[in-house]
Amino acid sequence: MPMLVEDENDKAVWESDAICRHILDRYAGSPGPTFWPSSASARTASEVLCRLHDAYIGPIQGCLYKPMPPFGRFGTRSEAIRELIAQLGVAESLADPEGPFLTGPDISLADATLFPTMVFITHMLPKFDETIVAKAGSADSAPRDAAAGALGPRLLAWWAHMTSADPEAMRIKSEIVGGLEAWEARDRWAPLLGAGTRDEAERTLFDKIIAREIPSEMVYEDDVCLAFRDINPVAPTHILIIPKEREGLAGLGAATAEHAATLGHMMVAAATVAKQEGLEDFRLVTNNGASACQSVFHLHLHLLGGRDFTWPPG
Ligand code: AMP
């Protein structure tokens, strides 16, 4: 969170918008832009863009740097990144089509508020798993360049103006990128799924089941996981529960704190499916690694029921 402490008065002002308004108030009448456009509609657009930034974009941008969820109100990084891109779409719809600034010919608080965040977003977004970015964006091919993948034409034109024709914005960008690169040199992003530990394991047949490219007998589906009957059942009821996005989870052994929400969600789904199948007693198994009999390297829970089991398992 940005904070301003002035030399002559040790009171701290925090939150970007409060800092901006404090500086504008304090230096009112000084040379330089007022950040308060001359047209009423531009002023309103600036207010809305600032609220959009503070209420919807700010709280989810943690998905680009925090090691574990929650990311805003989202339990997985990919969901949060999709929402972030959706919110950039809202900013696109609010931006002035003529520019060069977000609200038209005069620079406004919206430019001052959104620009530093956009420097961060455009620097970080391309690091994440291409399937996350590609699914969220409109392009079929994975947009490795976040500016192209996540910004619409108005925001792109604004971005081009700010980063090539506005010396103050260019200075701010180089300060922020310099800081991010210094962090990067110290492996700051290494633990982040996508940014540091991209899922590069081969895709499995479960991806084809998720995409409905091969048939399966599905018994349950929600936003995070789906469940279908095992093709080779070892009990009267044998259902597999899998996350729809593997996100590095080839098996349970790959789990990190980042996966806590997905894993918890799958356990609850297993209980729901067991109830749905009328099972009071059941067994839940996950095989991790070839010597534990794992054959498909996309995390899955085996829900087994409808017969008596023995212990210890073989
Ligand atoms: P595991 O051996 O623990 O990796 O479990 C993989 C499970 O996937 C096995 O129980 C297989 O019978 C099951 N399986 C493989 N192909 C399919 C398929 N096309 N539809 C449903 N289940 C499958």
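Residues numbered from 1 in each chain as written. Predicted model: local features only at pLDDT ≥ 70, side-chain atom pairs only at ≥ 80, totals over all residues.

Participant: What is the right way to read the domain arrangement of the protein chain from this model?
Facilitator: Often, the extent of an interface is quoted as the loss of accessible area upon association of its parts. Its domain assignment divides the protein chain into domain 1 (33-185) and domain 2 (205-305). Taking only C-alpha atoms, the centre of domain 1 and the centre of domain 2 are 37 Å apart. A per-class count over the side of domain 1 that touches domain 2 returns three nonpolar, three polar and one charged. (Domains from an automatic or database assignment. Nonpolar A, V, L, I, M, F, W, Y, C, P; charged D, E, K, R; others polar.)

Participant: Explanation requested: the sheet that holds strand E5 (residues 237-243) in the structure shown.
Facilitator: Within a sheet, adjacent strands bond to each other through the backbone by hydrogen bonds, running parallel or antiparallel. Ordered in space as E3-E4-E5-E7-E6, the five strands form an open sheet in which the pairing is antiparallel. In this open sheet, the two strands that pair with only one neighbour each are strand E3 (218-221) and strand E6 (282-285). Direction aside, the axes of adjacent strands within the sheet are offset by 20 degrees on average. Pairing geometry for E3 and strand E4 (residues 225-229), over three bridges, is antiparallel. The residue of E4 that forms the bridge with Glu221 is Leu226. (Pairing = 2+ DSSP bridges. Helix = DSSP H or I, 4+ residues; strand = E, 2+ residues; numbered from the N terminus. Axes fitted to C-alpha atoms, helices over the stretch in contact; angles between N-to-C directions.)

Participant: Any chance you could explain the pairing of E5 here in plain terms?
Facilitator: Two faces belong to every sheet, and in a regular strand the side chains alternate between them. The buried fraction of E5 is high, at five of seven residues. As paired elements, E4 and E5 share five bridges and run antiparallel to each other. From the neighbouring strand, Leu226 faces E5, where its bridge partner is Ile242. Inspection of the sheet shows E5 paired to strand E7 (residues 301-305) by five bridges, in the antiparallel sense. Paired with Ile239 across the strands is Leu303, a residue of E7. (Buried ≥ 20, exposed ≤ 12 C-beta atoms within 10 Å, placed from the backbone.)

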